[in-house]
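Listed below, chain by chain, are the residues.
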Amino acid sequence: MCGIAGIISKQPIDISSNLLGMLGLIQHRGPDASGIAIFPKDEQVTLRISMNKEERIGEIRDLIGNYGKIKNERLISAGESIPMAEYLLEMDDDKLKPLHFAINGVEGLAVHSLGDGIKVYKEGGHLENLRDKHQIEMQNCRHGIGHVRMATESVEDINAAHPFVSPFYPELALVHNGQFTNYFKMRRFLESKGVKFKTMNDSEAASHLIAYAMSINGGNLEAALNDAADQLDGIYCIIAATESQIGFVKDKLGIKPLLLVESDDYIMLGSEQIEFSAVSEDLFAEEMEPGEVRVWNI
Amino acid sequence: MADKKQVTIHNAPKATWNKEILSEIDYKATNGKYRIRGCGSPRPMPKFDDLMILPSQLTRMPIDTYREDCETRTVLGARFAKKPLIIETPVMIAGMSYGALSKEAKIALAKATKLVGTVISNGEGGILPEELENSYRQSVQILASRMGFTRRNMEVADMLEVLYGIGAKPGLSGHLMGEKISEEIAEVRKIPIGIDLHSHPRAGDAFGADDMVVKMQQLREMTDWETPIFCKIAAGRVRDDIKIAIKLGFDGIILDGCSAGTGAAPVMATDHLGIPTMPALVAAVRTLEEMGVKEEMSLIVSGGITNGADLAKALAIGADAVAIGTAAMVAMGCRVCMNCQTGKCAFGIGTQDPELRQNLDVDEAAERVANYIKAITAETVLLAKSAGKTKLKNLEREDLRALTLEACAMTGIPLVGSDLVIGKGFGFSADNGL
Amino acid sequence: MEYLDLAKVENEKVNVLIKDKLKESNELVLKNVNSMHNICAGLSGDCQVTIEDSTGLYTGSFLEGPTLRIKGNVGWYAGDDMMSGELIVEKNTGCNIGAYINGGTIVIYGNTGSRVGYGMKGGNIIVCGSAGRWAGVMAMGGDLIILGALGKECGESMYSGKIFTRDPEAESKMGGNVFYDTITAAETEKLDHLFSQYEIAADGKDFHVIRPVLSGRHEYALFKPDLKPELAKKYFVKRG
């Protein structure tokens, strides 16, 4: 249904180009949307936010004003989808989660990423749309994740593209290939914990579930992924990353593919062998075991 | 002029003055009292049959019916109890008293629980020692009559049920005919032989919820906070009753629909009191969610559960388990002749007559009940796997659609095909036209 | 011998080009396939195609006659529904290789993933390295020969066919409805013949055979209770 990619580089490099290259080779797996999350460490906090109407920009500025100072604002016009804005903010670390929750609570606004070490770029349609609309600058970092989407049970709108983030743990982003069969139950549970859902995409539930687990287990991605493996039902491969960790979980039935390849310079994860040739020539990737969870520290 | 042929006239079947109505009137005219009957109401009621389960096809994958597992283990009462009840299938044996049932029937039911790993409720009137000895897990009821109940019962209970009413005859005082009170029954219940028993309708140690809050604290202390304490109610004012049950601090609710059975009840009560299991269950789930306790409170439903489809749909709507009464008796041989109140059950199930009791072979009956529970659990697994689940508890209301307008309106589940929702939708498929 | 450089060719145009080239010669080498999909799917006739690098999904699906040799790695589903011919993979493969194969021979010199020979109906599949889980699952015929380590649940629900293994722990890795048997002389001879044909250093007599159980197949239990009667409260009664 979708294609996913993850990459860890021993040295900081332009991860986004690599990810886009990898995704380009699996575009056929998902024509509906694409997206990447990268983790360059910055001085300032970057907020990437979508809004259902351009007029809401004033409201957004006011909202942000309660938590920090806007240093720069860049509007990204709607084009075929909805308007977005990218902000550089000066704010305290402990205000990140409250700001994320505040925006999450507002109808029609959605955080794509918020933090000083995380940036998510996502857009509908083919990868060209992503590249053209978002002007992804070259930023050096050591890891990132990416996704191309074939919509299954929800509509194709930009907020429904992956990677997803969650106010429970703002620095987490994840991508997912598969379909959960207990999404509605999970959503009811997570909504009761205070988060608002922005889409009907089941993958959004996974981001809140894993982020929630991390918020109560002290930021342990591996334990959170193990929890997810137990609680999520259906078929899935998930790659999740924070500023300092990246890992995956594969469902117990082992139906959706997840390949791993390690070379001297890179560790790469993906849905198909072909992805890896964007970065390195002819490496054999191993299929991960059903039910497997693995996490790397960056 | 030709002879006029005799024409036989056939009237349309009498809707009002049919033979059932005529016989009821004859009974009342002869005896000057209302009729008492065994089993649940024979009236047609809206049932789980009016719902369908959506299978996995392209968007989601089915689970291999044979080779991949689906977890059936069920945990009940984890809200406050330190030792929640863990059973291997979400099917338990409902409370049916030793008195209404023969000793052989009770022992057979208890033995069946050991074969499948579930819990049996003692029913009214104390615990038959042989039932306790043979059961896998034992639930003990605390009723208004309190016959045969002592502190010792609380000590051996894996689960407690505080009874407010049963679906068949809610709000009535209990009734056991003198003919059914044998020496043994009298011994277990600690009452005299041969007198008709009319039990209390209201518990004498807690008149009202305000007192019950305090009583509940006491029950917790008596059980060291270990034992799950459930509240058993007949489905009536579901929302209001459940709100109080939540505030009283129960670990869970057993909700008995109006088509549930009993050993003996006035016909008017079984036929006209209460609401059916399926809509009651939806109301209960909505209430638990409204109060924010759906994840903590356990919900068990009973009343007319017959097969794995009923179980799967009940779980999907939001029940954690079901209790079977009549179905278990039928597995043992009962044919639902509805004459339990005579005490002359030919199958040795609903009788105390020593000769008739010989007709029930305990071990065979136990095996039959266990077989039945295994079979319906497997049926539920089959359906859940088709819907893509590897755990029964992952069935959700969005897996269901309503076949009739009534079921659609009663539950808020979208109508098949059009996805029409009448009134307040139940679940995301209702809100989003999925 | 003809050559085709597929570096700039779109995936959907590849097989047409291959078939055209094969009219000129019945030996063809493909370069820069670069993990594209459906390479030589449906190819028939008496020809030899060699692929210098790696392929993606569905390599040689429905192959009928040709000898297809891939020097690199091969993605999922290679050789599925194959009718006849040879599919030879010099390195490793993804999962579900040789699904539903009717005839012909697949040789994997490296390792394969899970579910190799899924529902296979005939032909031979030889894996020189290790196989993943569920090898030969629901096979209905054919011979699956695995030289390396088996994964779990090998041969699950086979109806017919054979799985040859020399894994010393094979008996603990079998799926349902199969049994572990000794190899016959005729089978040993067939294996040795194949090994010699494909230059594989192995000896038929080191192998055992996993065969389907034909009667008394175990009934799948949908309900599997884990009974713990000893934990009932009645055994832990505290007084006072």
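Small disclaimer: the values here were computed from a predicted structure and weren't measured.

Asks: Is there a simple way to explain the overall build of chain A in this structure?
Replies: What chain A contains, in helices and strands, is seven helices and 15 strands. Over its C-alpha trace chain A gives a radius of gyration of 18 Å, about what one expects of a compact globule, namely 19 Å for 298 residues. Expressed along its principal axes, the backbone C-alpha trace of chain A runs to roughly 50 × 40 × 35 Å. Considering only contacts within chain A whose residues lie at least 6 apart along the sequence, 72% involve residues at least 24 apart.

Asks: How should I be thinking about the overall build of chain B in this particular structure?
Replies: Counting secondary structure elements, chain B contains 15 helices and 16 strands. For 434 residues, the compact-globule estimate of 2.2 N^0.38 gives 22 Å, and the C-alpha radius of gyration of chain B, at 23 Å, lies within 12% of that figure. Seen through its C-alpha atoms, chain B measures out along the principal axes to roughly 85 × 70 × 45 Å. Taking all 434 residues of chain B together, 53% fall into the buried category. Counting only contacts in chain B whose residues sit at least 6 apart along the sequence, the fraction spanning at least 24 positions is 66%.

Asks: Got a minute to help me understand the interface of chain B and chain A in this structure?
Replies: A common way to express how large an interface is: the accessible area buried when the components associate. Listed per partner, the contact involves 18 residues of chain B and 15 residues of chain A. Residue classes in the side of chain B that touches chain A are distributed as four nonpolar, seven polar and seven charged.

Asks: Which parts of the structure should I look at to understand the nonpolar core?
Replies: The tendency in soluble globular proteins is for nonpolar side chains to be buried as a group. In terms of nonpolar packing, the biggest core is built from 130 residues, with Ala108, Ile253, Leu281, Ala284, Val322, Met332 and Val369 of chain B touching the most fellow members. Element by element, the count of residues in this core is highest for helix 13 (residues 362-386) of chain B, at 12 residues. Leaving out residues up to four positions away in the same chain, methionine 332 of chain B has contacts with Ala105, Ala108, Ile349, Leu360, Ala365, Arg368 and Val369 of chain B. Within the second largest apolar cluster, 89 residues are counted, among which are Met51, Tyr169, Val195 and Ala211 of chain A.

Asks: Looking at this model, I keep getting lost on the environment of methionine 61 of chain B. Mind explaining?
Replies: Mapped onto the elements of the fold, methionine 61 of chain B is located in the loop between strand 2 (51-53) and strand 3 (74-76). Those residues in contact with methionine 61 of chain B, other than ones at most four positions away along the chain, are Ile235 and Ile255 of chain A together with Ser56 and Gly388 of chain B.

Asks: So what exactly am I meant to see when it comes to the interface of chain C and chain B here?
Replies: At the junction of the two partners, chain C supplies 14 residues and chain B supplies 21 residues. The residue inventory of the side of chain C that touches chain B, partitioned by class, reads eight nonpolar, one polar and five charged.

Asks: Can you help me understand the sheet that holds strand 4 (residues 69-76) of chain A in this one?
Replies: Sheet strands pair by backbone hydrogen bonding; their relative direction is either parallel or antiparallel. Residue and element names in this part refer to chain A. Reading across the sheet, the four strands line up as 4-5-3-6 and stay open at both edges, with antiparallel pairing between neighbours. At either margin of the open sheet sits one strand with a lone partner, and together these are strand 4 and strand 6 (109-115). Strand-to-strand twist in this sheet, taken as the mean axis angle between neighbours without regard to direction, amounts to 20°. Direction of pairing for strand 4 relative to strand 5 (residues 84-90): antiparallel, over a ladder of seven bridges.

Asks: Mind showing me how you'd approach unusual backbone geometry here?
Replies: Trans is the common state for peptide bonds, and a negative phi is the common state for residues other than glycine. The peptide bond linking histidine 162 of chain A to proline 163 of chain A adopts the cis configuration, its omega dihedral lying at 5°. You can see proline 163 of chain A is positioned in the loop between strand 8 (140-149) and strand 9 (173-180). Residues other than glycine seldom take positive phi values, yet tyrosine 77 of chain C does so here, at roughly 65°. You can see tyrosine 77 of chain C is positioned in the loop between strand 4 (64-70) and strand 5 (84-89). A positive phi angle is found at tryptophan 134 of chain C, which is not glycine, with a value near 55°. With respect to the secondary-structure elements, tryptophan 134 of chain C resides in the loop between strand 7 (121-127) and strand 8 (140-146).

Asks: Could you clarify how one ought to interpret the confidence of the model for chain B in this entry?
Replies: Detailed reading of the predicted coordinates is not advisable wherever pLDDT falls low. For chain B, per-residue confidence averages 93 on the pLDDT scale, and residues scoring 70 or more make up 99% of the total. Reported confidence for the predicted complex is 0.85 by ipTM and 0.90 by pTM.

Asks: Looking at this model, I keep getting lost on the pairing of strand 8 (residues 159-163) of chain B. Mind explaining?
Replies: Regular strands have side chains that alternate between both faces of the sheet. Residue and element names in this part refer to chain B. Among the five residues of strand 8, five are classified as buried, and the element is accordingly described as predominantly covered. The alternating pattern of strand 8 places Met159, Glu161 and Leu163 and Leu160 and Val162 on opposite faces, both of which are buried. In this sheet, strand 8 lies alongside strand 7 (residues 137-142) in parallel orientation, the contact comprising four bridges. Counted as the bridge partner of glutamine 141 is glutamate 161 from strand 8. With four bridges joining them, strand 8 and strand 11 (residues 229-234) adopt parallel strand pairing. Following the sheet pairing, leucine 160 is matched in strand 11 by isoleucine 229.

Asks: How should I be thinking about helix 6 (residues 209-222) of chain B in this particular structure?
Replies: Given 3.6 residues per helical turn, the α-helix brings residues three or four places apart onto the same face. Here helix 6 of chain B is 14 residues long and its end C-alpha atoms lie 19 Å apart, about the 20 Å a rise of 1.5 Å per residue gives. Trailing helix 6 of chain B by a residue or two, aspartate 224 of chain B shows a phi angle of about 60°, which is positive.

Asks: Please clarify how helix 3 (residues 96-104) of chain A should be interpreted in this entry.
Replies: All names here are of chain A. Listing the buried residues of helix 3 in full gives Leu96, Leu99, His100, Ile103 and Asn104. For helix 3, the arc enclosing every buried residue in end-on projection is 135°, short of the 170-degree limit, so these residues lie on one face. Looking at the packing, one finds that the buried side of helix 3 touches strand 3 (45-51), helix 2 (57-65) and strand 6.

Asks: What am I meant to see in the sheet that holds strand 8 of chain A here?
Replies: All names here are of chain A. An order of 7-2-8-1-13-12-14 is seen for the seven strands of this open sheet, with the pairing classed as antiparallel. Looking at which strands have only one partner, the edges of the open sheet turn out to be strand 7 (119-124) and strand 14 (286-287). Relative to strand 8, strand 1 (residues 2-14) is paired through nine bridges, and the arrangement is antiparallel. When the bridges of strand 8 are listed, isoleucine 8 appears paired with histidine 143. Across the sheet, helix 1 (residues 15-24) touches strand 1, strand 2 (33-38), strand 8 and strand 13 (266-270), and the angle it forms with strand 1 is around 150°. Packed onto the sheet, helix 4 (residues 127-134) meets strand 2 and strand 7 and runs at close to 125° relative to strand 7.

Asks: Explanation requested: the packing of helix 7 (residues 238-248) of chain B against helix 9 (residues 277-290) of chain B in the structure shown.
Replies: Two measures define how a pair of helices packs: the angle their axes make with one another and the distance between the axes. All names here are of chain B. Contact geometry for helix 7 and helix 9: axes closest at 9 Å, N-to-C directions at 45°. It follows from the interaxial angle that helix 7 and helix 9 lie oblique. Considering how the two elements wind past one another, helix 7 and helix 9 form a crossing that is right-handed. Here Val238, Arg239, Ile242 and Lys243 of helix 7 lie close against helix 9, whose contacting residues are Ala280, Ala283, Ala284, Thr287 and Leu288. Across the contact of helix 7 with helix 9, the residue classes break down as six nonpolar, one polar and two charged.

Asks: Before we go on, may I ask you to explain the environment of asparagine 72 of chain A in this structure?
Replies: All names here are of chain A. In this structure, asparagine 72 sits in strand 4. Each C-alpha atom of the pair asparagine 72 and leucine 88 lies 5.0 Å from the other, and the pair is 16 residues apart in sequence. Look past the residues within four positions of asparagine 72 in its chain and what remains in contact with it is Tyr87 and Leu88.

Rules used throughout
Residues numbered from 1 in each chain as written. Chains lettered and ligands numbered in written order. Predicted model: local features only at pLDDT ≥ 70, side-chain atom pairs only at ≥ 80, totals over all residues. Helix = DSSP H or I, 4+ residues; strand = E, 2+ residues; numbered from the N terminus. Rg over C-alpha atoms; globule rule 2.2 N^0.38 Å. Contact = placed C-beta atoms within 7 Å. Buried ≥ 20, exposed ≤ 12 C-beta atoms within 10 Å, placed from the backbone. Nonpolar A, V, L, I, M, F, W, Y, C, P; charged D, E, K, R; others polar. Core = buried A, V, L, I, M, F, W, Y, C linked by C-beta atoms within 7 Å. Pairing = 2+ DSSP bridges. Axes fitted to C-alpha atoms, helices over the stretch in contact; angles between N-to-C directions. pLDDT = per-residue confidence, 0-100. Expected span 1.5 Å × (residues − 1). Arc of directions from axis to C-beta. Parallel < 35°, antiparallel > 145°, perpendicular 65-115°, else oblique. Left-handed = near helix turned anticlockwise from the far one by under 90°.

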